[in-house]
Amino acid sequence: MQNHPVFTDNDPQNELSTLNLGPTHPATHGVFQNVLQLDGERIVSGVSTIGYIHRAFEKIAEHRPFYQITPLTDRMNYCSSPINNMGWHMTVEKMLGIEMPKRVDYMRIIIMELARISDHIICNGVLGVDTGAISGFMYLMIYREHIYEIYEEICGSRLTTNIGRIGGFERNFNHIAWDKLRKFLKEFPAVLKEFEALFNRNRIFIDRTKDVAAVSAETALNYSWSGPLLRAAGVDYDVRAMEPYSSYEDFDFEVPVGTNGDVFNRFLVRNEEMWQSLRLIEQALAKIEKEPSDIFHADVPDFYLPPKEEVYNNMEALIYHFKIVMGEIPTPATEVYHAVEGANGELGFYLVNDGGRSPYRLHFRRPSFINYQMYAPMSRGMLLSDAIINMSSLNVIAGELDA
Amino acid sequence: MGKITNEELLKKISDKFNDQVTLVGEPFGLLTLETGREQIIDVLTFLKTDPSLQFVFLTDITAIHYPEQEKQIGVLYHLHSLVNNVRIRLKVFLTIDDVHIPTATVLWEGANWMERETYDFFGVIFDGHPDLRRILNVDDMLVFPMRREHPLEDPNRVDKKDYFFGR
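Residues numbered from 1 in each chain as written. Chains lettered and ligands numbered in written order. Predicted model: local features only at pLDDT ≥ 70, side-chain atom pairs only at ≥ 80, totals over all residues.

**Considerations on the overall build of chain B**
Thought 1: When you go through chain B residue by residue, the secondary structure sums to three helices and seven strands.
Thought 2: Put simply, chain B runs from its N terminus to its C terminus through helices and strands in the order α-β-β-α-β-β-β-β-α-β.
Thought 3: Along the first, second and third principal axes, the C-alpha atoms of chain B reach 60 × 40 × 30 Å.
Thought 4: A total of 167 residues make up chain B; the buried ones form 37% of that total.
Thought 5: For chain B, long-range pairs separated by at least 24 residues make up 48% of all intrachain contacts whose partners lie at least 6 apart in sequence. (Helix = DSSP H or I, 4+ residues; strand = E, 2+ residues; numbered from the N terminus. Buried ≥ 20, exposed ≤ 12 C-beta atoms within 10 Å, placed from the backbone. Contact = placed C-beta atoms within 7 Å.)

Below, the structure is given as structure tokens:
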């Protein structure tokens, strides 16, 4: 990158030092190890080691019925697990040919966009922390808490949500969830605006982030980058716009793009995506008003578990319950690739089914895994402190990296 | 969906490669083709560089194991043409005792880790890969764990046997 001499091994001036950045270093936000060769503060070369929390999800998935795979997807990108959950549900629904009612689609969009906001809150907040500005992170964190409270009303859990089912949601949103959502929509814009005021024209922040780790569109595509990172480099690829799923085609939103793919551009793209997510949620709320309020799942008794009280009192419900739990319902032998726009990029599910109760093969296209492989090559010639903020703006989530 | 239909896409490819590329199907509108390892880099290069196709985005490389087939290991490529908004899936099947295939890192840098992952789990050897090491599993692992012959759990364990639920 910069004009800087690189010494060979037997050069008398060679004073390279080796630094183990990670696996558990506070500056890396997760279990990542990078063995760096440093010349002073400048990185000469680096090798990334990953796999510290590999849990063999693809192998486990071959032994679990479809509905039991949802909790595995939770643990990939745990900052926005609802997107993973629903991506998986939609993959199975696509395979089974299940059409969702519009209201379910809109409810899913609300949850997925909330998840995107909470993920970007973390990423941009932490980027602030790594550049030395802690207050923005602290200020936004309470709103991630409010988002988690909304999840809690809907599915009972907060981080690893297991939200929704194949065929819809496990229950309708209650009035507390709707109230909390409206309160969030009312309060959050002012907070986000203040967060932007703290950073967007902050001299120190701009000096630390502008032109750091700039990536051209060609390089980003060459490395199969997707999501906010690719868009910051200037390529307007967003799965929601290109291949709309869950009725995204009914909505009016914009895909923000950056110019040179540096850390500052990524920050701005993520901020703008939060505004767009808010727009989407507001539109979804307006559209849901026009739909019948008691629909929260599709009418697919073969795949959607009946309510418990019916299972105990009703013959048909008991049979369906038994057949779903035992996995005795035939499924088509086919293969399907379904992609959703995760918070970090294209989250793909490649499912090969042989007609049994569990997938024959399931492969997750995990955006963090693919985005992170450029980290070591792009760190060459960078200052160590720049490499740290580069890592936080890549938003690599260890769970999604290793799967 | 896209500006180019699957029929046009198939015609373009079969004009160029004749019978070296065969149609597998179009599950859910995604054109799926099979080819041999001798042609795979040519096919990928053609798809990437042809000005009317421009499959510049390598979505994914992975593999699959069918123990009962003669050619057991399938290597799968998903490509995406962002200009035409069309996806395509390519399959190459390899025999288990000769799992060599040329690397796609000559076309995409991003293929590097995808191929390492495929090697790690299925033992597919990508000839010409710059750094073909294990990536998620431990370095001294002896097997390729996603092959079907390896059970999820130790089969000698008796404490978790559940005869009613088939685990």
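**Some thoughts on the overall build of chain A**
Thought 1: Each helix and strand counted, chain A has 17 helices and six strands in total.
Thought 2: Seen along its three principal axes, the alpha-carbon backbone of chain A occupies a region of about 85 × 45 × 35 Å.
Thought 3: Going through the 403 residues of chain A one by one, you find that 48% of them count as buried.
Thought 4: Of the contacts formed within chain A by residues at least 6 apart in sequence, a portion of 69% connects residues at least 24 apart.

**Considering helix H4 (residues 102-130) of chain A**
All names here are of chain A.
Thought 1: Between its first and last C-alpha, H4 extends 42 Å over 29 residues, near the 42 Å set by a 1.5 Å rise per residue.
Thought 2: A large share of H4 lies buried, amounting to 26 of its 29 residues.
Thought 3: Just past H4, the residue Gly 132 takes up positive phi, approximately 105°. (Expected span 1.5 Å × (residues − 1).)

**Some thoughts on the packing of helix H11 (residues 263-289) of chain A against helix H16 (residues 384-394) of chain A**
Residues and elements named next belong to chain A.
Thought 1: Close contact between H11 and H16 brings their axes to 10 Å; oriented N to C, the two are set at 25°. Here H11 is positioned roughly parallel relative to H16, judged by the angle of their axes. In terms of crossing hand, the pair formed by H11 and H16 is left-handed. For the pair H11 and H16, contact is made by Val 263, Arg 266 and Phe 267 and by Ile 389, Asn 390 and Ser 393, respectively. (Axes fitted to C-alpha atoms, helices over the stretch in contact; angles between N-to-C directions. Parallel < 35°, antiparallel > 145°, perpendicular 65-115°, else oblique. Left-handed = near helix turned anticlockwise from the far one by under 90°.)

**Overview of the sheet that holds strand S5 (residues 345-352) of chain A**
Residue and element names in this part refer to chain A.
Thought 1: If you trace the three strands from one edge of the open sheet to the other, you get S4-S5-S6, paired in antiparallel fashion. At either end of the open sheet lies a strand with only one pairing partner, and these are strand S4 (335-342) and strand S6 (361-365). Each adjacent strand pair in this sheet contributes to an overall mean axis angle of 15°, direction not counted.
Thought 2: Sheet strands touched by helix H3 (residues 81-96): S4 and S5. Its angle to S4, the strand with the most contacts, is close to 150°. (Pairing = 2+ DSSP bridges.)

**Quick look at the packing of helix H6 (residues 175-199) of chain A against H11 of chain A**
Residue and element names in this part refer to chain A.
Thought 1: One can describe the packing of H6 onto H11 by two numbers: an axis separation of 11 Å at closest approach and a directional angle of 165°. By the angle class used here, H6 and H11 are roughly antiparallel. Crossing of H6 against H11: the hand is left-handed. In contact with Leu 185, Phe 188, Pro 189, Leu 192 and Glu 196 of H6, H11 contributes Asn 271, Met 274, Leu 278, Ile 281 and Glu 282.
Thought 2: Along the lines of polarity and charge, the residues of the contact of H6 with H11 split into seven nonpolar, one polar and two charged. (Nonpolar A, V, L, I, M, F, W, Y, C, P; charged D, E, K, R; others polar.)

**Thoughts on the sheet that holds strand S2 (residues 33-39) of chain A**
All names here are of chain A.
Thought 1: Pairing within the open sheet is antiparallel, and its three strands lie in the order S1-S2-S3. Because the sheet does not close on itself, it has two edges, and the strands there are strand S1 (17-21) and strand S3 (42-49). The average angle at which neighbouring strand axes cross in this sheet is 20°, direction not considered.
Thought 2: With seven bridges connecting them, S2 and S3 associate as antiparallel partners. Its bridge partner lying in S3, Leu 38 is registered against Ile 43.

**A few points about the interface of chain A and chain B**
Thought 1: The interface of chain A with chain B comprises 29 residues on the first partner and 24 residues on the second.
Thought 2: Residue assignment for the side of chain A that touches chain B shows that the elements contributing at least two residues are helix H1 (57-61), helix H8 (217-222), S4, S5, S6 and helix H14 (367-372) of chain A.
Thought 3: For the side of chain A that touches chain B, the element with the highest residue contribution is S5 of chain A, accounting for four residues.

**Some words on the nonpolar core**
Thought 1: Judged by nonpolar contacts, the single largest core of 147 residues is most densely connected at Ile 110, Leu 114 and Ala 220 of chain A together with Val 75, Ile 88 and Val 124 of chain B.
Thought 2: Those residues within four positions of Val 75 of chain B in sequence are excluded, and the remaining contacts are Ala 63, Val 92, Leu 94, Ile 101, Thr 118 and Val 124 of chain B. (Core = buried A, V, L, I, M, F, W, Y, C linked by C-beta atoms within 7 Å.)

**Overview of unusual backbone geometry**
Thought 1: At Asn 395 of chain A, a position not held by glycine, the phi torsion is positive, near 55°.
Thought 2: Tracing the backbone shows Asn 395 of chain A in the loop between H16 and helix H17 (398-402).
Thought 3: In this model, Asn 18 of chain B sits at a positive phi of 50°, which is unusual for a non-glycine residue.
Thought 4: Along the chain, Asn 18 of chain B falls in the loop between helix H1 (6-17) and strand S1 (21-25).
Thought 5: Residue class for Asn 18 of chain B comes out exposed when judged on the 8 C-beta atoms lying within 10 Å of it.

**Observations regarding the pairing of S2 of chain A**
All names here are of chain A.
Thought 1: With five bridges joining them, S1 and S2 adopt antiparallel strand pairing. Among the inter-strand pairings, Leu 21 is bridged to a residue of S2, identified as Asn 34.
Thought 2: From the end of S2 to the start of S3, which pair antiparallel, there are two residues, and Gly 40 there has a positive phi angle of about 65°.

**A word on the confidence of the model for chain B**
Close reading of the predicted structure is inappropriate where its pLDDT is low.
Thought 1: Averaged over all residues, the pLDDT of chain B is 89; the fraction at 70 or higher stands at 92%.
Thought 2: Interface confidence in the predicted complex, given as ipTM, is 0.91; pTM for the same model is 0.92. (pLDDT = per-residue confidence, 0-100.)

**Digging into the environment of Glu 254 of chain A**
Thought 1: You can see Glu 254 of chain A is positioned in the loop between helix H10 (239-242) and H11.
Thought 2: Each C-alpha atom, one on Glu 254 of chain A and one on Leu 280 of chain A, is 9.9 Å from the other, the two residues being 26 residues apart in sequence.

**Quick look at the environment of Asp 139 of chain B**
Thought 1: Mapped onto the fold, Asp 139 of chain B is located in the segment after strand S7 (125-127).
Thought 2: C-alpha separation for the pair Asp 139 of chain B and Phe 28 of chain B, spaced 111 residues apart in sequence, amounts to 38 Å.

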